[in-house]
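Below, each chain spelled out in residue letters.
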Amino acid sequence: MRLTMRTTTRLMAGACSAVLLSGCSWFGYGSGQNYQVNNSARYKNSSTQYNMGSGQRALGRCQITSPTQAIPPGCRPEEVTLALGGAQNYSQQGQYTSGGYGSHVGAAQNVQAGSIPTRQINGQIFKRPLLRGQFGLTLDPSVGGQLFDPSGSPSVAAYNRALFEEGVLTGTPAVGQTQDTRYYSSAERVSAPDISFSDVYTAPLQITGGLELILSKHATVYANAGYTRAEGKSGGGVQIIDTLLRDVTTQDYDMATGIPIGGPIGPVTTFIPNEAVATFNYEFSELERYDLEAGGRYYFNPIFETQLQRPLTPFVSASGGMSHYNATRVNENQRQRFLGRAFDGTQTNPNGDFYDINFGTRVQIYDAQWVPFGSAKLGLEWQMTAKTALAFEAGVKYEAARDFSDGTQGDNIISVPLTIRGSYNF
């Protein structure tokens, strides 16, 4: 049992070491020298296979003399180096090369396969693809543009104060006096801040898929289709700010006969200014959008070439297209304040006692429609493998205004899309 556990421990240690060595090399921070100290049987005497004959210096175990030469047996792609200068001059050391859009890696990069440009990654020559598939996830938060102006809401415009007057009659002729008290309000102003897209749709999520056509070492064109969705939230609100008024009219009576004595006294009016007497809150429908986009990218030369074995390439892009929005609706909730409690100081809520007038009255703000857009972005693309790449990009997007359902025009929308995009070479 003791011997079995020792053997198992050795096997686990060997497996972990292999995983760690291969992981460092995959991320591009390792060196081929990590593998040349391996004394296993498959690496023994491997350098003798590459002797060039009498009077010539032997190549290294993982050196090649031509960019099109196959990878030597027992070598990983990132270990392969190119011996520059031909068989007559091996004093020049082999160099690791990296390739990506916009890279220039010397003679090895100039190898052509027909009319298709090539590229070299970790010592291997690959044909540059003509076509790539791409899939992206984008957060598209807006930074400018009005979604809804609640001051123009029909319910706000039609607010009728006479419907919400309150009154109370105290006393009786039998006790000799009555008091008729009336509570109402007079208009001051309407507080109705504009509701923006960012108030309601914090971070719409867009899913895109498309194709990218490689035109040259630097330039590509692409076309995408996408779907965007965001949950609608409660946004903004309206307050009707009025002056509270109280009228008190007094009438005296003969207690024996119940006949009024003289005429009514009053009304005596008192008031409290600058009070919220009604509120309107809004709950918006979800956002759904379909996008069609076409554009182009320009890839610069890779950066950090001496630190990274896999290319990291900056780029800029510009695109335009059309977006189809679904109809946008809002549920409008109106609440009214108890005016008598507000005036007499008998309310239970320090912010005022309110009751519901209507809940969920639906208003359509925008009809379904197409709108044009344009965007400019910059980003970085990391060539993960010979066929796959990962890019991060950000930019500015400008979208034309939508028309309200009543025929008036809304605001242009400005957003800052943040994208992570994966590519696969066909």
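Read on for an overview of the structure. (Residues numbered from 1 in each chain as written. Predicted model: local features only at pLDDT ≥ 70, side-chain atom pairs only at ≥ 80, totals over all residues. Heavy atoms only, no water.)

## Details of the side chain of asparagine 425
Now for step 1: With respect to the helices and strands, the residue asparagine 425 is situated in strand β22 (residues 418-425).
Now for step 2: A polar atom in the side chain of asparagine 425 sits 2.9 Å from the backbone oxygen of alanine 386. (Helix = DSSP H or I, 4+ residues; strand = E, 2+ residues; numbered from the N terminus. Polar contact = N/O pair within 3.5 Å; in protein donor to acceptor, adjacent residues only side chain to side chain.)

## Focus: the pattern of salt bridges
Now for step 1: One pass over the full model with this rule turns up 19 salt bridges.
Now for step 2: A salt bridge links arginine 182 to glutamate 165; its shortest N-O distance comes to 2.9 Å. Of the two residues, arginine 182 sits in strand β9 (residues 177-191) while glutamate 165 sits in the loop between α2 (154-157) and β8 (166-172), which places them 17 residues apart along the sequence.
Now for step 3: For arginine 182, a relative accessible area of 31% corresponds to the partly exposed category.
Now for step 4: Linking arginine 229 and glutamate 286 is a salt bridge whose minimum nitrogen-to-oxygen distance equals 2.5 Å. With arginine 229 in strand β12 (residues 219-230) and glutamate 286 in the loop between β14 (260-284) and β15 (287-299), the pair connects residues that are 57 residues apart, well separated along the chain. (Salt bridge = Lys/Arg side-chain N within 4 Å of Asp/Glu carboxyl O. Buried < 20%, exposed > 50% of the residue type's maximum accessible area, 1.4 Å probe, protein only.)

## As for the environment of alanine 376
Now for step 1: Among the structural elements, alanine 376 can be located in strand β19 (residues 369-383).
Now for step 2: Since its relative accessible area comes to 44%, alanine 376 is described here as partly exposed.
Now for step 3: Separated by 22 residues in sequence, alanine 376 and tyrosine 398 place their C-alpha atoms 9.0 Å apart.
Now for step 4: Here alanine 376 is in contact with Ser317, Ala318, Gly395 and Val396, once residues within four sequence places are set aside. (Contact = heavy atoms within 4.5 Å.)

## Side note on the pairing of strand β20 (residues 388-399)
Both faces of the sheet carry side chains from a regular strand, because those side chains alternate between them.
Now for step 1: Taking every second residue as pointing to the same face, the buried face of β20 carries Ala389, Ala391, Glu393, Gly395, Lys397 and Glu399, while none of Thr388, Leu390, Phe392, Ala394, Val396 and Tyr398 on the other face is buried.
Now for step 2: Examined bridge by bridge, β19 and β20 share eleven bridges and lie antiparallel to one another. Bridging across to β20, lysine 377 finds its partner in glycine 395.
Now for step 3: Taking the residues between adjacent antiparallel strands as the criterion, β19 and β20 are bridged by four residues.
Now for step 4: Sheet topology places β20 next to β22; seven bridges connect them, and they run antiparallel. Paired with alanine 394 across the bridge in β22 is leucine 418.
Now for step 5: As defined by bridge partners, β20 adjoins strand β21 (residues 413-415) across three bridges and the pair is classed as antiparallel. Looking at the pairing, lysine 397 lines up with serine 415 of β21. (Pairing = 2+ DSSP bridges.)

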